[in-house]
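# Analysis of the macromolecular model
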Amino acid sequence: MRSLWNAVYVENRKLSRSPVLWGMLVFLLFVTGIRSGGADWNEHLGNMTFLFASVFGLMGFGTMTAWVFGREYADRTVKDLLALPVSRTRIVIAKGLVIVGWCLIATLTIFGFSLLLGLLIGVTGLSWSIVADQFGGLLLIAAFHLLLCSPVALLASISRGYLVPIAYAFTTLMVALTAGPTALGAYLPWSIPALHLSMSNTAASAFPLGIASYGILILLFGIGAAGTVSWWKRADQR
Amino acid sequence: MQEIIRTESLTKRYGDYSVLQDISLNVYRGEIYGFLGLNGAGKTTTIRMLLGMIAPTSGEAHINGQRVLGAKPDLWQQVGYMVETPYAYPNFTVRENLRLIAKLRGLPEKQSTEAVMDRLQLARYADTKAKNLSLGNAQKLGLAKAMIHNPSVLILDEPTNALDPAGIVHIRELLRHLAKEEGVTVFISSHILEEMSKLASRIGIIHGGTLLQEISSQQFEQLRRKRLTVKVREKGELASELLRQAGYATQIADEGRIEITDESAIRQPERIAKLLVGADLPLAELTVNEEGLESYFLQRVSQ
């Protein structure tokens, strides 16, 4: 366990020093700021959540994931991680945990920022149940996006860099935006978060899409995560 | 003597292309084993296989009695390595890069970092970002990362090729000290013959993916020595016998050349000439040269 903690500590140091992380945070805050305002708190917070769900969540989280894994290849430092008293599986898990941690911090930050802006602008009808509701919704969307990030990690490892996985993240985003409104939307992993959000406003249950949709997200995560660990453990690292 | 590194018929093929064939070698505790070969001979592939970074097509590698592939992570606590060009996190300083490795290896960060920087004369550059280091200092940083945990096995790929002469001597002395005084087993690959001959206690020559030959330090000391080579037009055995009777230790080399390594012959080659001419054995050739490791090596790899 201690070796996992050491690995998490090191991965965190590397990521927290990265301009990619801070640039992404600033960008998300900027976008949140632009889209703020609305008739009431539901609209104000809802706009931000929807933007996050449809575009920037995948882009931001995906870019971070691509960088955390891809930079080891781009900077040629991966060989320093391959024969250590910390297993390669633990290194991959540590990277995953650090990505999750910072993505959650990013989520909290944009929510807090949005709240602050709403108070400053003077949006009407503040009620803590609305805020709690919206916060829960945003966290769920963030979780969905994190599930979608594991294939990004796998692609970064296989392509030995961060360009291919970032291209993948943007491509899946475009596919989601295009195919989301169609019948295919509920089964396309990358359009599921936005679809879930748009339906959860009117639906009675917390999970308005069919179980197949959420199952697909979990399946995709499993494939990406298992694939990444397997690649790090077994593939020839030339 | 305790066997620390062992490979059994290590072979690697990529499709039809064979990179390594049947590499079997042993390295014993406290030895400095030099793996010598031209670029592309398979040195780095062998090293990557010793570190579990590449899986062999067939054969096995063992360190400290454990199979490398699928070894428990504990094995790597004993092994320090540097593979090809050493890279570090570019925006972290030397000190910070070392602290990251120290943390990953579960060492006391500050202590072990300062100690290894002193050992490798990197303290001056402790606060320099890795991206701003000269090639030589980047290589020293790579060595520092390999040694920070005081491993009992060091696997180093071309460890001195970017260092200046002072750096080369420093590392050579350091590795010799580690091997002799601390029983560290060192496996080095290089294409720099001169350095290898000064450092290694045994050299394995690899060429085209095959281990051609292993020679000990005594054997290549002989190769480095000056020698006098003489060739007579005919009656070579007679010439050889004559020289032997005169007290010279002769050896027949290729193409009927007679080789003498005696000091006296090298200092006064005219005596040899006089002897042979006086006995009516006309000379075709007389040279004094230092064949050395280089020509020996080039000869072996061209066969």
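Refer to the structure presented above.
Residues numbered from 1 in each chain as written. Chains lettered and ligands numbered in written order. Predicted model: local features only at pLDDT ≥ 70, side-chain atom pairs only at ≥ 80, totals over all residues.

Of regular secondary structure, chain B possesses 11 helices and 14 strands. With the C-alpha coordinates aligned to their principal axes, the bounding extent of chain B is approximately 75 × 45 × 35 Å. Counting only residues that meet the buried cut, chain B has 41% of its 303 residues in that class. Sequence-distant contacts in chain B: of pairs separated by 6 or more residues, those separated by 24 or more amount to 67%. (Helix = DSSP H or I, 4+ residues; strand = E, 2+ residues; numbered from the N terminus. Buried ≥ 20, exposed ≤ 12 C-beta atoms within 10 Å, placed from the backbone. Contact = placed C-beta atoms within 7 Å.)

Looking now at the sheet that holds strand β12 (residues 250-252) of chain B. Strand pairing in a sheet relies on backbone hydrogen bonds. The paired strands run either parallel or antiparallel. Residue and element names in this part refer to chain B. Spatially, 4 strands are ordered β12-β13-β11-β14 in an open sheet, and the strand pairing comes out antiparallel. Either end of the sheet is taken by a strand with one partner, and the two such strands are β12 and β14 (283-290). Neighbouring strand axes in the sheet, compared pairwise and without regard to direction, differ in orientation by 25 degrees on average. Relative to β14, strand β11 (residues 226-232) runs antiparallel, the two being bridged by 7 bridges. Bridged to Val 230 within β14 is Leu 286. Against the sheet, helix α10 (residues 269-278) engages β11 and β14, with an angle of about 160 degrees to β14. (Pairing = 2+ DSSP bridges. Axes fitted to C-alpha atoms, helices over the stretch in contact; angles between N-to-C directions.)

Residue and element names in this part refer to chain A. Relative to each other, helix α1 (residues 2-16) and helix α4 (residues 88-121) sit at 50 degrees, their axes nearing to 8 Å. For the element pair α1 / α4, the angle class is oblique. For the pair α1 and α4, the crossing hand works out as right-handed. Where α1 approaches α4, its residues Ser 3, Leu 4, Ala 7, Val 8, Glu 11, Asn 12 and Leu 15 are matched on the opposing element by Arg 90, Ile 91, Ile 93, Ala 94, Lys 95, Leu 97, Val 98 and Trp 102. Of the residues belonging to the contact of α1 with α4, the class tally is 10 nonpolar, 2 polar and 3 charged. (Parallel < 35°, antiparallel > 145°, perpendicular 65-115°, else oblique. Left-handed = near helix turned anticlockwise from the far one by under 90°. Nonpolar A, V, L, I, M, F, W, Y, C, P; charged D, E, K, R; others polar.)

It is worth spelling out the sheet that holds strand β6 (residues 79-82) of chain B at this point. Residue and element names in this part refer to chain B. One open sheet holds the 6 strands; their spatial order is β6-β7-β8-β3-β9-β10, and the pairing between them is mixed. Only two strands of the sheet have a single neighbouring strand rather than two, namely β6 and β10 (210-216). If you compare each strand with its neighbour and ignore which way they point, the axes differ by 15 degrees on average. By the bridge criterion, 4 bridges tie strand β3 (residues 32-36) to strand β9 (residues 202-207) in an arrangement that is parallel. Within β9, the residue paired with Phe 35 across the bridge is Gly 204.

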